[in-house]
Amino acid sequence: MSSESVAPASDWDGARYDRLADPQARWGDTVLERLQLAGDETVLDAGCGSGRVTEQLLERLPNGRVIALDASRSMLETARRRLERWQERVRLVGVDLLDLGPSTLGDDAPVDAALSTATFHWVTDHDRLFANLATVIRPGGQLVAQCGAEGNIESVVRAVRALGVERAGTWLYASTEETSERLRRAGFVETRVWTNPEPTPFPSDADLTDFLEAVCLREHIATLPPAERRPFSERVAAALPGRTIDYVRLNIIARRAG
Ligand SMILES: C[S@@+](CC[C@H](N)C(=O)[O-])C[C@H]1O[C@@H](n2cnc3c(N)ncnc32)[C@H](O)[C@@H]1O
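Residues numbered from 1 in each chain as written. Predicted model: local features only at pLDDT ≥ 70, side-chain atom pairs only at ≥ 80, totals over all residues. Heavy atoms only, no water.

## Some thoughts on the environment of Ala25
- By secondary structure assignment, the location of Ala25 is in helix α2 (residues 22–32).
- Along the sequence, Ala25 and Gly51 sit 26 residues apart, while their C-alpha atoms lie 9.4 Å from each other.
- With residues near it in sequence (within four places) discarded, Ala25 still touches Arg52 and Val53. (Helix = DSSP H or I, 4+ residues; strand = E, 2+ residues; numbered from the N terminus. Contact = heavy atoms within 4.5 Å.)

Given below as structure tokens:
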């Protein structure tokens with residue numbers, strides 16, 4: 001297991017995310033099933049985070065290899081610990097997806113497939129993202145991904161606005177139509193793009209507040225003085241009906257033209 005130059009530290013807390021990311025791990029299992037694998041492929045996990053989904057991917061590749069890529073140093077440190085036992089077959093790469101290209105992956109490019117879960121909406125230039133992915137997937141190779149869709153976490157966005165904050169994060173929740181068109185322009189074919197609601201309830205106010213603080217509100221929270229962080233998240237949590245985050249997922253299956 002090796003890692004290369006790591007992009008500037010982001011403010012994700014890898015260990016905390018790893019503890020809280022049960023919803024993402026659950027969705028990731030479903031997305032992973034959509035990859036057609038013989039077991040000996042090389043697969044890029046684009047935005048591997050703390051490695052929970054990566055681990056499931058490695059289970060499906062007994063004779064294959066995974067390139068686990070992420071821009072966050074903290075996430076990669078947590079992923080390194082989690083993926084220790086797979087070290088012969090996984091390579092950690094610290095790079096921004098907007099800088100991804102064949103030279104980033106060296107001998108591992110082109111990959112047979114790219115998987116990405118809960119990541120693309122954090123990358124706000126999808127034209128460049130898909131174009132970059134097309135340069136590292138072999139002709140005919142698969143792209144299987146899921147991220148936030150248009151309408152994702154609207155009740156959180158409304159609650160934040162009610163507290164006088166226009167945007168709590170720099171995310172892009174794209175529509176199916178614009179995503180299909182972007183994939184086509186980037187050189188993908190056989191594209192299927194669709195959305196599904198994933199309303200996600202939390203067992204207690206504290207659990208919901210923790211999750212909002214570490215994931216959905218993370219970027220805005222980092223701009224607040226420490227004493228104001230928890231109260232802000234608690235007020236957003238209190239405004240969500242049924243202690244539920246109204247997630248909507250954007251699903252992508254495509255092949256690189258070949
Ligand atoms: C919510 S986590 C998802 C992690 C994992 N795939 C999962 O499903 O649990 C989003 C990840 O995307 C990464 N990320 C966001 N923008 C990125 C970018 N431009 N380049 C590379 N990674 C990025 C973050 O560092 C973070 O680890």
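## Quick look at the site of the ligand
- The environment of the ligand is made up of 19 residues, and the closest members are Tyr17, Gly47, Asp70, Leu97 and Thr117.
- In this structure, Asp70 approaches the ligand through a side-chain N or O atom, which is 2.5 Å from an oxygen atom.
- Between the ligand and the protein, one listed contact pairs a nitrogen atom with a backbone N or O atom of Leu97 at 2.8 Å.
- Classifying every residue of the shell around the ligand by side-chain character gives eleven nonpolar, six polar and two charged. (Near = heavy atom within 4 Å. Polar contact = N/O pair within 3.5 Å; in protein donor to acceptor, adjacent residues only side chain to side chain. Nonpolar A, V, L, I, M, F, W, Y, C, P; charged D, E, K, R; others polar.)

## A short note on the sheet that holds strand β7 (residues 244–256)
- Spatially, β3-β2-β1-β4-β5-β7-β6 is the arrangement adopted by the seven strands of the open sheet, whose pairing is mixed. Among the strands making up the open sheet, the edge pair consists of β3 (90–94) and β6 (188–201). Pairs of neighbouring strands in the sheet enclose a mean axial angle of 15°, with direction left out of account. (Pairing = 2+ DSSP bridges. Axes fitted to C-alpha atoms, helices over the stretch in contact; angles between N-to-C directions.)

## With respect to the pairing of strand β4 (residues 111–117)
- Across the seven residues that make up β4, a large majority, six, are buried.
- Here three bridges tie strand β1 (residues 42–46) to β4, and the two strands are oriented parallel to one another. What sits directly across from Leu44, in β4, is Ala114.
- Taken together, the six bridges between β4 and strand β5 (residues 137–148) define a ladder with parallel strand orientation. When the bridges of β5 are listed, Ala114 appears paired with Leu143.
- Running through helix α6 (residues 126–136), the crossover from β4 to the neighbouring parallel element β5 is right-handed. (Buried < 20%, exposed > 50% of the residue type's maximum accessible area, 1.4 Å probe, protein only. Right-handed = clockwise from strand over helix to strand, strands pointing away.)

## Focus on the confidence of the model for the protein chain
- Looking at the protein chain, the pLDDT average stands at 95 and 96% of residues meet or exceed 70.
- Taken as a whole, residues 2–10 scores under 50 in pLDDT and shows 22 contacts with residues more than four places along the chain or in a different chain. (pLDDT = per-residue confidence, 0-100.)

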